[in-house]
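# Analysis of the macromolecular model
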Amino acid sequence: MPTYTFVVNGEPVTVDAPADMALLWVLRDKLGVRGPKFGCGIGVCRACTSHLDGAEVQPCVTPVGECAGRAVTTIEGLASGDDLHPVQEAWLEQDVAQCGYCQPGQIMAAAALLKTTSEPTDEDIDRIANVCRCGTYFRIRQAIKSAAAKMG
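Because the structure is a prediction, the values reported are computed rather than measured.

Relative to each other, helix α2 (residues 86–93) and helix α3 (residues 103–116) sit at 125 degrees, their axes nearing to 9 Å. One way to sum up the angle between α2 and α3 is to call them oblique. Considering only the axes of α2 and α3, their crossing is right-handed. From α2, Val87, Gln88 and Trp91 reach across to α3, where they touch Gln103, Gln106, Ile107, Ala110, Ala111 and Leu114. Grouping the amino acids of the contact of α2 with α3 by side-chain chemistry returns six nonpolar, three polar and no charged.

As structure tokens, this is what we get:
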């Protein structure tokens with residue numbers, strides 16, 4: 001079986017896995033990283049959203065073979081030590097989470113957006129395609145705008 005070495009949340013890891021094994025299963029089943037959630041398995045719901053070399057990615061449709069030598073960041077690696085990322089702080093301040101299942105993916109998508117867009121419009125935020133079954137989209141929008149204001 002092939003071996004892949006990459007960085008997860010700042011720590012180098014090496015895993016044995018088939019090249020086409022979804023990164024989500026490597027993270028959850030082989031490395032014990034539980035933040036990215038399985039929702040649909042086809043990259044549509046985006047509950048598993050994480051970052052690959054800083055860009056948004058859906059690990060449920062990203063083969064581990066594409067991760068060799070690269071950096072993966074999940075919700076567990078977004079904070080800096082005990083200091084939450086501004087998006088995480090805004091999520092708490094705006095009381096975004098209801099059931100919470102989609103929130104790691106929502107937060108990671110918002111953080112990716114704010115890396116490239118310092119003052120997101122409603123249209124920019126609407127392009128985040130993550131599904132929230134509880135319908136907390138209004139609070140998500142408010143939290144993204146709050147985080148953007150703090151980061152800007």
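Core analysis: the largest hydrophobic core is formed by 22 residues, its most contacted members being Leu78, Val87, Trp91, Ile107, Leu114, Ile140 and Ile144. In terms of residues, this core owes the most to one element, α3, which gives seven residues. Ignoring anything within four residues of it in the chain, the contact list for tryptophan 91 reads Val96, Gln103, Gln106, Ile107, Ala110, Ile140, Ala143 and Ile144. If you look at the next biggest cluster of nonpolar residues, it comprises 15 residues, including Phe6, Val15, Leu52 and Val57.

What follows is about the packing of α2 against helix α5 (residues 137–151). Remark: α2 packs on α5, axes separated minimally by 8 Å, with the N-to-C direction vectors making an angle of 135 degrees. Here α2 lies oblique to α5, going by the angle between them. In this structure, α2 meets α5 at a crossing whose hand is right-handed. Of the residues in α5, those in contact with Pro86, Val87, Glu89, Ala90, Trp91 and Glu93 of α2 are Ile140, Ala143, Ile144, Ser146, Ala147, Lys150 and Met151. Class assignment for the residues of the contact of α2 with α5 results in nine nonpolar, one polar and three charged.

What follows covers unusual backbone geometry. At asparagine 9, a residue that is not glycine, the phi angle is positive and equals roughly 50 degrees. Here asparagine 9 lies in the loop between β1 (3–8) and β2 (11–16). The partly exposed category is assigned to asparagine 9, whose relative accessible area is 23%. Positive phi is not limited to glycine here, since aspartate 95 has a value of about 50 degrees. Inspection of the secondary structure puts aspartate 95 in the loop between α2 and α3. Look at aspartate 95 and you get exposed, because its relative accessible area is 53%.

So, on to α2. Listing the buried residues of α2 in full gives Val87, Gln88, Ala90 and Trp91. End-on, the buried residues of α2 take up no more than an arc of 160 degrees, which puts them together on one face. Against the buried residues of α2 lie α3 and α5. Just downstream of α2, aspartate 95 is the residue with a positive phi angle, here 50 degrees.

This brings us to the packing of aromatic side chains. Applying the stated criterion to the full structure yields one aromatic pair. Pairing tryptophan 25 with phenylalanine 38 gives two aromatic rings, centres 5.3 Å apart and planes at 35 degrees, and the pair type is tilted. Taken together, the residues span a long stretch of sequence, with tryptophan 25 in helix α1 (residues 23–30) and phenylalanine 38 in the loop between α1 and β3 (50–52) at a distance of 13 residues.

Conventions used here
- Residues numbered from 1 in each chain as written.
- Predicted model: local features only at pLDDT ≥ 70, side-chain atom pairs only at ≥ 80, totals over all residues.
- Heavy atoms only, no water.
- Axes fitted to C-alpha atoms, helices over the stretch in contact; angles between N-to-C directions.
- Helix = DSSP H or I, 4+ residues; strand = E, 2+ residues; numbered from the N terminus.
- Parallel < 35°, antiparallel > 145°, perpendicular 65-115°, else oblique.
- Left-handed = near helix turned anticlockwise from the far one by under 90°.
- Contact = heavy atoms within 4.5 Å.
- Nonpolar A, V, L, I, M, F, W, Y, C, P; charged D, E, K, R; others polar.
- Core = buried A, V, L, I, M, F, W, Y, C linked by side-chain atoms within 4.5 Å.
- Buried < 20%, exposed > 50% of the residue type's maximum accessible area, 1.4 Å probe, protein only.
- Arc of directions from axis to C-beta.
- Phe/Tyr/Trp six-rings, centres within 6.5 Å; stacked < 30°, edge-to-face > 60°.

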